[in-house]
Amino acid sequence: MARRWVNSPYAFALGMFAMMVPSQAFSSFYSYFYVEKLGLGVGLATLARTIFLIWDAVNNPLFGYWSDRTETRYGRRRPWVFASIPLFMLTFVLVFSPPGGLSQNGLFTWFLVTLVLYEAVATVLWVNYGALFPELFRGDRIRAKASAIQQGYQVLALLIATALTPIIYAAINFSNMAIVYAFVFGICMLICMLSVREQRDPGNAEPMKLGAAFKETLSNKKFWIFNVSNSFAQTVNGLVSSMIPFYAKYVLRISEGQVSILLAAVFVSVIPLVGVWYWIVRRMDGVKAWRLSLILYGLSVIPLWFGYNLVSGVAAGIAVGFGLAGFLVTPAMVSGRIIDEDAERTGRRREGIYTAVSGFITRSSGLISALAFYVVGLIFGYESGDNPGSNPEATFRYLISVVPLCLLVVSVVISFIARFDFHMTGKGEVKHGQEAHHQL
C-alpha cells in the first residue's frame, strides 16, 4: 500500500463508513421491521434489548481489557478486527432474515438470539476500531481534523443507511438489503485495516491486572461525567433516526417512498455543517465546543414538533442536522484528552478498556430509547403496526421531539457537573507517531 495512505485519516475514516452503513440501517429500521412489518409487540422488542444489555455489560469491558493486553506482530487491535469482519457480515444478515411463519414467541426468540450474536461481534469491532483513534492521532488539532474527516464519512454512511434503505428494501426486501450492506462493510473495512500500522510504545508499563484496570477506569470522574452525558445525547441520535419512518407515516402522513427525502434532509445537511463545526472547534476549547454542541442539539429538535407535511418535515430535519453535526465532531477531543491523561498517570495506554466501557455506557442508550418507545406507546395506546391505538400521531410527535429535548437537557446539565481541567498539553503540536507520516 502506498506510504501516503498508511495511517492516513482518510483511509482510517473508511472504517467508520464501513461500520456505520449496517449499524445505522439496523438502529433505524429494526424496530420498524420487527414491530411494524412483522408484528412483534413493543414489549417483547424492549425485553430483547434489555436482555442483550445485561450480556453487553459483561462482554463489552472484557473485550476492551483483552484488546489492551493483546500483543502481536500485527498490533493489538488489527487482529481482532480482521477476525470479526466475516462474523459481523453473517450476523447482520441473520437479524434481517427470520424464517417465515414464526409465532410471537418464535419471532422474539429469533430476534433475541441474532441480536445477541450481532451486537457481540459489533462490540469487538467498535472497541478495537475506536481504540485506534486516540492511539494514532494525538493532540487536539490533529484529532479535530481527523474527527471531522471521520464524521464526513460517517454522515455519508448515515445518508446511505437511512435515506436509501427504504428504497432498497422496497425493491429487494430486508434480507437482500442486509446482504448488500454486509458486503459494503466487508470490502471497506478490509481496505481500512490494510492501511493501519499500529505504533508500539516502548514506554508502556506492564499491563494492569483485570481488577486494577477496572478500578482505575471506574474511578475516573471526568470519564464518567463525559460518557454519561454523551449517553443521553446518543439516545437522541438513535431515537430520532428510528422514529422518522413512524413520524413520516403517522405525523407527516407521507408515503414510504418520501421517507428517503425526509431522511436525506437531515443527513445531507450534516455534510457541510461538519465543516462548520470543525471551524468552530479550531477556535475554542474542545470541552466548551462539546457543551455548546449539546445545547444547540437540544434546540434543534424543537421544530420537529411543528411538522405536518413533507416540506415542514424537511425544514425541521435540516435544523436537526446542525445539532447532530456538532455532536458528531466534538466528543473526540474530550475523550482523547481523558485517555491521554490516564496514560500519563498510569504509564500505560489503555484505549481498549476506555473505549469498551464508554461503548457500553453509550450503547445503554438503546435501552433508554426502547423504554421511551414503550412508555410513550403505552400512554397513547400504540402497540404495533397491527394495533396503533387511537392517537399514533401524538405518540410519535412526543417521541421525536419532546423526549429528545428532555434527554438533551439532562445531557447538558450532567456535562457541567465536573470541571474538565487537563493537566497536560494537548493543542495538537505533538505528532502522533513520527514513523507514521500521516497525510492530511
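This text goes with the structure placed above it.
Presented here is an overview of the structure given in this document. Because the structure is predicted, anything quoted here is derived from the model rather than measured.

1. Overview of the environment of Leu378
Along the chain, the position of Leu378 falls in helix α13 (residues 365–380). On a C-alpha basis, the gap between Leu378 and Gly43 in space is 9.5 Å, while along the polypeptide they are 335 residues apart.

2. Regarding unusual backbone geometry
For Asn173, which is not a glycine, the phi torsion comes out positive at approximately 80°. Within the secondary structure, Asn173 is located in helix α5 (residues 140–194).

3. As for a nonpolar patch on the surface
Residues Ile295, Leu299, Ile302, Phe306 and Phe416 make up a contiguous nonpolar surface patch of roughly 500 Å² in combined accessible area. Here Phe416 is to be found in the segment after α14 (392–415).

4. With respect to the packing of helix α7 (residues 221–252) against α14
Running from N to C, α7 and α14 cross one another at 165°; their axes reach a closest spacing of 9 Å. Relative to α14, the element α7 is oriented roughly antiparallel. Pair α7 / α14 crosses with left-handed handedness. Considered class by class, the residues forming the contact of α7 with α14 number 23 nonpolar, 5 polar and 2 charged.

5. Some words on the nonpolar core
Ranked by size, the top nonpolar core spans 135 residues in total, and within it Phe12, Phe96, Phe185, Met189, Phe396 and Phe420 carry the most contacts. Excluding residues that lie within four positions of it along the chain, Phe396 makes contacts with Met243, Phe246, Tyr247, Tyr250, Val251, Phe373 and Tyr382.

6. Some thoughts on α7
Given a rise of 1.5 Å per residue, 32 residues ought to cover 46 Å, and the 43 Å separating the end C-alpha atoms of α7 matches this to within 8%. If you look at α7, its biggest bend is around 45°, right at Phe246. Across the 32 residues that make up α7, a large majority, 26, are buried. One side-chain oxygen at the N-terminal end of α7 lies 3.3 Å from the backbone nitrogen of Lys222; it belongs to Asn220. Looking at the residues trailing α7, positive phi occurs at Arg253, about 55°.

7. Regarding helix α10 (residues 310–329)
One turn of the α-helix equals 3.6 residues, which is why residues spaced by three or four share an orientation. Look at α10: 28 Å from first C-alpha to last across 20 residues, which is about the 28 Å you get at 1.5 Å a residue. With 14 of 20 residues buried, α10 lies mostly within the body of the structure. N-cap assignment for α10: the residue whose side-chain oxygen lies 3.3 Å from the backbone N of Val311 is Asn309.

8. Some remarks on the pattern of salt bridges
Pairs can form between side chains of opposite charge once their charged atoms are near each other. For the coordinates displayed, the defined rule picks out 4 salt bridges. Put simply, Lys249 and Glu36 hold a salt bridge, and the shortest N to O gap is 2.7 Å. Of this pair, Lys249 sits in helix α7 while Glu36 sits in helix α1 (residues 9–37), placing them 213 residues apart in sequence. By relative accessible area, Glu36 is classed as buried at 10%.

Criteria and thresholds
- Residues numbered from 1 in each chain as written.
- Predicted model: local features only at pLDDT ≥ 70, side-chain atom pairs only at ≥ 80, totals over all residues.
- Heavy atoms only, no water.
- Helix = DSSP H or I, 4+ residues; strand = E, 2+ residues; numbered from the N terminus.
- Patch = residues over 30% accessible without salt bridge, like charges linked within 9 Å, V, L, I, M, F, W, Y side chains within 5 Å.
- Areas by Shrake-Rupley, 256 points an atom, 1.4 Å probe, with all protein chains shown as cover.
- Salt bridge = Lys/Arg side-chain N within 4 Å of Asp/Glu carboxyl O.
- Axes fitted to C-alpha atoms, helices over the stretch in contact; angles between N-to-C directions.
- Parallel < 35°, antiparallel > 145°, perpendicular 65-115°, else oblique.
- Left-handed = near helix turned anticlockwise from the far one by under 90°.
- Nonpolar A, V, L, I, M, F, W, Y, C, P; charged D, E, K, R; others polar.
- Core = buried A, V, L, I, M, F, W, Y, C linked by side-chain atoms within 4.5 Å.
- Buried < 20%, exposed > 50% of the residue type's maximum accessible area, 1.4 Å probe, protein only.
- Contact = heavy atoms within 4.5 Å.
- Expected span 1.5 Å × (residues − 1).
- Bend = angle between axes of the 7 residues up to and from the residue.
- Polar contact = N/O pair within 3.5 Å; in protein donor to acceptor, adjacent residues only side chain to side chain.

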